[in-house]
There are 2 protein chains.
Amino acid sequence: MSATKAYKNMSTAELEALYTQLQEEFSTFKSKNLHLDMSRGKPEKGQLRLSADMLTCVTDAMLDSAEPDVRNYGLPNGIPEMRQLFADMLHVPVEEVLAGGNSSLNMMYDTIARAMQFGVLGSKTPWSKLDKVKFLCPAPGYDRHFAICELFGIEMIPVPMTAEGPEMDLVETLVSTDAAIKGIWCVPKYSNPTGITYSDAVVRRLANLKPAATDFRIFWDNAYCVHHLYGEYQPDTLLNIMDESKKAGNPDMVFMFASTSKITYPGAGVAAMVASIDNLKFIQKQLTIQTIGPDKINQFRHVAFLKDMDGVTRLMQQHADIIRPKFAVVLEKLEAILGNCEIASWTKPNGGYFISVDVMEGCAKRVGALCKEAGVVLTPPGVTFPYGKDPKDENIRIAPTYPPMEELIVAMDLFCLCVRLAAIEKLLNK
Amino acid sequence: MSATKAYKNMSTAELEALYTQLQEEFSTFKSKNLHLDMSRGKPEKGQLRLSADMLTCVTDAMLDSAEPDVRNYGLPNGIPEMRQLFADMLHVPVEEVLAGGNSSLNMMYDTIARAMQFGVLGSKTPWSKLDKVKFLCPAPGYDRHFAICELFGIEMIPVPMTAEGPEMDLVETLVSTDAAIKGIWCVPKYSNPTGITYSDAVVRRLANLKPAATDFRIFWDNAYCVHHLYGEYQPDTLLNIMDESKKAGNPDMVFMFASTSKITYPGAGVAAMVASIDNLKFIQKQLTIQTIGPDKINQFRHVAFLKDMDGVTRLMQQHADIIRPKFAVVLEKLEAILGNCEIASWTKPNGGYFISVDVMEGCAKRVGALCKEAGVVLTPPGVTFPYGKDPKDENIRIAPTYPPMEELIVAMDLFCLCVRLAAIEKLLNK
């Protein structure tokens, strides 16, 4: 199946012949009536089973003797032990950690919603009262971040992603000159979807921004902070932006988010927000009206199960052992089938949940449509960009973790086939 | 200790003598260095222990075989079984139930926040873009409802509470004439704090309102729907406002809320919102951006533990067995110490978490201050009214459930003493 030379060096006749052959392969796939899903970054069942003991590790006797009683109301910032675990995980002071409910996305949404309604610390005006609010959106990025902006009518300005993070010259220029720019979305480690980790230089430049807006915030979604694929051998390292922003005299500029959604359970984990004490004080004026507090029993359960960072590291190695072969299969298929074609490039992340593939310009939507036609659902091409618009129509996010291995292999064969078909269609102007 | 005649019939000399005697009693209390709390409607430890089995009743094997897998992402409206349990509890169709996270207060806050930002179904304008938004606030009522309004700058119009619910003549007049009135807060069953249940006539009149605003909503906080004190013997019954509003041609006018916070665990229960399917569709456009979904494992746990309405009823009887004696002590103390004084009146609820005491006009804050001086924390007088302002300064909310019985007895002795002291001070213009 593998190509022996770059498509650009093939004659029209060669391409036509190859296209006919690939179309036959495509028909064979279609006849299999596949229903495969590579669309979202969901753990597979084997990963979910790793946290089995958490379900039953907390007994009433343990809770009955604990003070304060986590079964009752109270502790709006979460239980101290859970806050400490996040503090250790994110290398921040425990006083700056707010341990919340089951969804960091919800915490991010709430943070934007509060900013719209009330502003943030340093705002002269609630954001919703301003003529225009803009966010920088390093792209490709996380579609759900962009969806929040779109819902609130926040104008999104795409910023190209490099192998080191967002293109900082552009970020610095925009942030320092346009006071309508109130924030930037970042997934700084094992970035969604490219899998890269921001370099120290990028983190420092972000921490040292001189925003025109007095109430500019970096939304630092550290979703994959401990989500290494290769255990302790070659994890990426990320500079601590909380420390750097303090050094830079910008102590209030960062809102950090994280969760155990892909450590323990998606949707039944614990989320955290990290911010300066002054930021937290400002937020709590609203937060204590919004809720009496998070689910503290689930926090207690997490601490009892994970215990400490050693426990987290051990568990993450078990996750890695399950999903690493899946990442390997995706990369092997891409290399084996597309390696010499020069019609696609891809990232080789050391962690996270995604592999990002750039196909030939103008071909991503066609690849998605072809895959769908043959029964494989991809993350819809485009959604990794603001407003769902990939200007080059080239980026596709592969999420290898959820499908069983045998399905992933089939899905990747089909995916690579569709990349080839779409490329030839473009080269032949079909 | 009990008074033999009404204070209004006592001479100045008699009152002075009594005051001196009561002051001595007060000094004795103060010397005890009490630290007692009757301020909030929190379950006591014995109640928390009732749900012990819920902590460990769900095993990984149960989840591993269930479809869809509740450990993973998905089901933004909650799991079907939890929605059904709420549907049975609230006598509504399961399609109209959204089973959420751990806090119905949070769902109410979010509902207001969304209305401010985006309006509700039928809104011409998001509420935050209007010059003025007003809510009717039957008072005394729940302080946390009022706090939400205050935070969002919603003007609160107090409506007097009667033994049958809010004064409906006033509600009808205001709602039908003032389009700035967008909502009304109701705790219709075992009301916080008066403990009364809305009569059928009041529910029907609410369901048949003809609001001037096209986007008026009844916020129906059915927090104590199954929280009977006297088991199955003499529970209050509440007419189903969802049915009535449909009959009245107002199918979208009601947002209902409930939770298991005082069935299983405060803060680690499951909350629900009930609304018409059209309302839910409108809300979900925002909700699906806000979160990927609620904690479904906790919902599964609740269903596994409670099973069905028979299970809920049995558990609520166990709760009632624990807190009924506490309500009895409060009522006995009030009757024994204040019964003949004619300086206070109080409610005798059949359920819920509170007993509401009206002391002599202008005396509530003084009673609170005296109690505090002697080491007993009450719900701060006034907070049961919009802006914390009880126009008559007479209402005090007693929350009998949390303190152990021996502490409750002492606290009530002190409370009644303070009511007497404050009354005499008023009568003697001290």
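Here is a short report on the structure shown in this document. Residue positions are given per chain, counting from 1 as you read along its sequence in written order. Key to labels: chains lettered from A, ligands numbered from 1, both in the order written. Selection of residues for local features in this predicted model requires a pLDDT of at least 70, selection of side-chain atom pairs for listing and counting requires 80 or more, and totals for whole chains, interfaces and linings are taken over all residues. No hydrogens and no water enter the side-chain calculation; it runs on all heavy atoms of the structure.

**What about the overall build of chain A?**
Working step 1: The secondary structure listing takes helices from DSSP runs of H or I that are at least 4 residues long and strands from runs of E that are at least 2 residues long, numbered from the N terminus. Counting secondary structure elements, chain A contains 14 helices and 13 strands.
Working step 2: The atom set for the radius of gyration is the C-alpha atoms, and the globule formula is 2.2 Å times the number of residues raised to the power 0.38. Against the 2.2 N^0.38 benchmark of 22 Å for 430 residues, chain A shows a C-alpha radius of gyration of 23 Å, consistent with a compact globule.
Working step 3: Along the longest, intermediate and shortest principal axes, the C-alpha atoms of chain A span 75 × 55 × 35 Å.
Working step 4: Each residue is assigned to one of three classes by its accessible area relative to the maximum for its type, calculated with a 1.4 Å probe on protein chains only: buried under 20%, partly exposed between the two thresholds, exposed over 50%. Among the 430 residues that make up chain A, the fraction classed as buried is 63%.
Working step 5: We call two residues in contact whenever any of their non-hydrogen atoms come within 4.5 Å of each other. When contacts within chain A are restricted to residue pairs at least 6 apart in sequence, long-range pairs at least 24 apart make up 78% of them.
Working step 6: With an accessible surface of roughly 15,600 Å², chain A has 52% of that area assigned to carbon and sulfur atoms.
Working step 7: For this count, His and the chain ends are skipped, Lys and Arg are scored as positive, and Asp and Glu as negative. A charged residue contributes its charge at one atom only: NZ of Lys, CZ of Arg, CG of Asp or CD of Glu. The average position of the 44 basic charges and that of the 51 acidic charges among the side chains of chain A differ by 3 Å. Here the open area of atoms and residues is found with the Shrake-Rupley method and a 1.4 Å probe, where only the protein chains shown may cover a residue.

**Some words on the interface of chain A and chain B**
Working step 1: Chain A puts 59 residues into the contact, and the matching count from chain B is 59 residues.
Working step 2: For the pair chain A and chain B, the two sides together bury roughly 4,900 Å², of which 53% comes from carbon and sulfur.
Working step 3: The buried area of a pairing is the accessible area, by a 1.4 Å probe, that goes missing from both parts when the two are put together, added over both. By the criterion of area lost to chain B, the three top residues of chain A are Leu55(A), Tyr73(A) and Ile289(A), representing 14% of everything that side buries.
Working step 4: A pair is scored as a salt bridge if a Lys or Arg side-chain nitrogen falls within 4 Å of a carboxyl oxygen belonging to Asp or Glu. Seen at the junction of chain A and chain B, the total is four salt bridges.
Working step 5: Here a polar contact means two N or O atoms within 3.5 Å. Within protein one must be a hydrogen donor candidate and the other an acceptor candidate, and residues neighboring in sequence count only if both atoms are side-chain atoms. The interface formed by chain A and chain B includes 18 residue pairs in polar contact (both at pLDDT 80 or more).
Working step 6: Of all the secondary structure elements, the ones that give two or more residues to the side of chain A that touches chain B are helix 2 (45-49), helix 3 (60-65), helix 5 (104-118), helix 6 (143-151), helix 10 (277-290) and helix 11 (296-306) of chain A.
Working step 7: Counting residues per element, the side of chain A that touches chain B draws most heavily on helix 5 of chain A, at eight residues.
Working step 8: Partitioning the side of chain A that touches chain B into residue classes produces 25 nonpolar, 17 polar and 17 charged. The classification used treats Ala, Val, Leu, Ile, Met, Phe, Trp, Tyr, Cys and Pro as nonpolar, Asp, Glu, Lys and Arg as charged, and all other residues, Gly among them, as polar.

**Focus: the relation of the copies chain A and chain B**
Both copies of the chain are related by a screw-like operation: a rotation about an axis and a shift along it.
Working step 1: We superpose the copies by least squares over the C-alpha atoms of residues that have a pLDDT of at least 70 in both of them. When chain A is fitted to chain B, the best match, at an RMSD of 0.0 Å, comes from turning it 180 degrees and sliding it 0.0 Å along the axis. Expressed as an axis order, the relation between the two copies is that of a two-fold axis. Looking at the rotation axis and the C-alpha trace of chain A, the residue lying nearest is Thr56(A), at 2.3 Å.

**Section: the side chain of Lys326(A)**
Working step 1: With respect to the helices, strands and loops of the structure, Lys326(A) is situated in helix 12 (residues 309-338).
Working step 2: If sequence neighbours within four positions are ignored, Lys326(A) has contacts with Glu44(A), Pro400(A), Thr401(A), Tyr402(A), Pro403(A), Pro404(A), Met405(A) and Leu408(A).

**Things to note about the nonpolar core**
Working step 1: Counting residues in each nonpolar core, the largest one holds 122 residues, and the members touching the most others are Leu206(A), Ile218(A), Trp220(A), Leu206(B), Ile218(B) and Trp220(B).
Working step 2: Setting aside residues no more than four positions away along its own chain, Trp220(A) makes contact with Cys186(A), Pro188(A), Tyr198(A), Val203(A), Leu206(A), Leu238(A), Ile241(A), Val254(A), Phe255(A), Met256(A) and Phe257(A).
Working step 3: Listed in part, the 91 residues of the second largest apolar core include Phe26(B), Cys149(B), Phe415(B) and Leu428(B). Throughout this description, the term nonpolar core refers to a set of buried Ala, Val, Leu, Ile, Met, Phe, Trp, Tyr and Cys residues connected via side-chain atoms within 4.5 Å.

**Some words on the side chain of His145(B)**
Residues and elements named next belong to chain B.
Working step 1: Residue position: His 145 is located in helix 6 (residues 143-151).
Working step 2: Take His 145: its relative accessible area is 2%, and that puts it in the buried class.
Working step 3: When residues no more than four places from it in sequence are discounted, the contact partners of His 145 are Met 108, Trp 185, Val 187 and Asp 221.

**Notes on the packing of aromatic side chains**
All names here are of chain B.
Working step 1: Any two of the Phe, Tyr and Trp rings considered here, Trp counted by its six-membered ring, make a pair once their centres fall within 6.5 Å; the pair's planes then place it as stacked at under 30 degrees, edge-to-face at over 60, or tilted in between. For the coordinates displayed, the defined rule picks out 22 aromatic pairs over all chains.
Working step 2: With a centroid separation of 5.4 Å and 55 degrees between ring planes, the pair formed by Phe 135 and Phe 219 is classed as tilted. Here Phe 219 lies in strand 7 (residues 217-221) and Phe 135 lies in strand 3 (residues 134-139), a separation of 84 residues in the sequence.
Working step 3: By relative accessible area, Phe 135 is classed as buried at 0%.

**Regarding the pattern of salt bridges**
Working step 1: By the definition in use, this model includes 44 salt bridges over all chains.
Working step 2: For Lys30(A), the salt bridge is made with Glu373(A), and the minimal N-O distance between the two is 2.8 Å. One end of the pair, Lys30(A), is in helix 1 (residues 12-31); the other, Glu373(A), is in helix 13 (residues 364-373), and 343 residues separate them in sequence.
Working step 3: Residue classification places Lys30(A) among the partly exposed positions, given a relative accessible area of 36%.
Working step 4: Look at Glu373(A) and you get partly exposed, because its relative accessible area is 42%.
Working step 5: Of the charged contacts in the structure, one is a salt bridge between Arg204(B) and Glu244(B), with a shortest N-O distance of 3.7 Å. Separated by 40 residues along the polypeptide, Arg204(B) in helix 8 (residues 200-207) and Glu244(B) in helix 9 (residues 241-247) bring together distant segments of the chain.
Working step 6: The class of Arg204(B) is partly exposed, set by a relative accessible area of 39%.
Working step 7: Looking at Glu244(B), the relative accessible area reads 7%, which means it is buried.
Working step 8: Several salt bridges share partner residues, and in doing so they unite Lys45(A), Arg49(A), Asp60(B), Asp64(B), Asp69(B) and Arg71(B) into one network.

**Description of the packing of helix 1 of chain A against helix 14 (residues 405-427) of chain A**
All names here are of chain A.
Working step 1: The interhelical angle for the contact between helix 1 and helix 14, taken along N-to-C directions, is 145 degrees, at an axis separation of 10 Å. Remark: the crossing between helix 1 and helix 14 carries left-handed chirality. On helix 14, the residues touching Leu 15, Leu 18, Tyr 19, Leu 22, Gln 23, Glu 25, Phe 26 and Phe 29 of helix 1 are Val 410, Asp 413, Leu 414, Leu 417, Cys 418, Arg 420, Leu 421, Ile 424, Glu 425 and Leu 427.
Working step 2: Looking at the contact of helix 1 with helix 14 residue by residue, the class counts come to 13 nonpolar, one polar and four charged. Every axis in this analysis is a line fitted to C-alpha atoms, fitted for helices over the stretch in contact. Angles between the N-to-C directions lie between 0 and 180 degrees. In this scheme, a crossing is called left-handed if the near helix is turned counterclockwise away from the far one by less than a right angle; it is called right-handed if the turn is clockwise.

**Remarks on the packing of helix 13 of chain A against helix 14 of chain A**
All names here are of chain A.
Working step 1: At their nearest, the axes of helix 13 and helix 14 sit 9 Å apart, and the two run at 130 degrees to each other. In this view, helix 13 runs oblique relative to helix 14, as classed from their interaxial angle. Crossing angle aside, the handedness with which helix 13 passes helix 14 is right-handed. Residues Arg 366, Val 367, Leu 370 and Cys 371 of helix 13 pack against Leu 414, Phe 415, Cys 418, Val 419, Leu 421, Ala 422 and Glu 425 of helix 14.
Working step 2: Of the residues in the contact of helix 13 with helix 14, the class split is nine nonpolar, no polar and two charged. Between 65 and 115 degrees an angle is taken as roughly perpendicular, under 35 as roughly parallel, over 145 as roughly antiparallel, and anywhere else as oblique.

**Details of the sheet that holds strand 8 (residues 254-259) of chain B**
All names here are of chain B.
Working step 1: Here a strand pair is declared whenever DSSP counts at least two bridges between the two strands. Read from one edge to the other, the open sheet built from eight strands follows the order 2-9-8-7-6-3-4-5, with strand pairing classed as mixed. Of all the strands in the sheet, just strand 2 (97-99) and strand 5 (165-166) have a single pairing partner and so form its edges.
Working step 2: Looking at chain direction, strand 3 and strand 6 (residues 181-186) are connected through three bridges and run parallel. Its bridge partner lying in strand 6, Leu 136 is registered against Ile 184.
Working step 3: Packed on one face of the sheet, helix 5 (residues 104-118) meets strand 2, strand 3, strand 6, strand 7, strand 8 and strand 9 (271-274) and runs near 155 degrees to strand 8.

**Here's the deal with the pairing of strand 7 (residues 217-221) of chain A**
Residues and elements named next belong to chain A.
Working step 1: Within strand 7, five of the five residues are buried, which leaves the element mostly enclosed by the surrounding structure.
Working step 2: Both faces of strand 7 are covered, namely the face carrying Arg 217, Phe 219 and Asp 221 and the face carrying Ile 218 and Trp 220.
Working step 3: As paired elements, strand 6 (residues 181-186) and strand 7 share four bridges and run parallel to each other. For Trp 185, the partnering residue across the bridge sits in strand 7 and is Phe 219.
Working step 4: Remark: the strand 6/helix 8 (residues 200-207)/strand 7 crossover connection has right-handed handedness.
Working step 5: Here strand 7 runs beside strand 8 (residues 254-259); their pairing, made up of four bridges, is parallel. Across the sheet, the residue bridging to Asp 221 is Phe 257, located in strand 8. Note on handedness: a clockwise path from strand one over the helix to strand two, with the strands aimed away from the viewer, defines a right-handed crossover.

**Thoughts on helix 1 (residues 12-31) of chain B**
All names here are of chain B.
Working step 1: Here, expected helix span is obtained from the residue count minus one, scaled by 1.5 Å. Taking 1.5 Å per residue as the helical rise, helix 1 with its 20 residues ought to reach 28 Å, and the 28 Å between its terminal C-alpha atoms agrees with that figure.
Working step 2: All of the buried residues in helix 1 are Leu 15, Leu 18, Tyr 19, Leu 22, Glu 25, Phe 26 and Phe 29. Summarising the axial view, the buried residues of helix 1 lie within an arc of 130 degrees, below the 170-degree limit, and thus occupy one face. Every exposed residue of helix 1 that faces more than 90 degrees away from the buried side is listed here: Ala 13, Glu 24 and Ser 31.
Working step 3: Among the structural elements, helix 13 (364-373) and helix 14 (405-427) are those in contact with the buried residues of helix 1. Arc, as used here, means the arc of the directions from the helix axis to the C-beta atoms.

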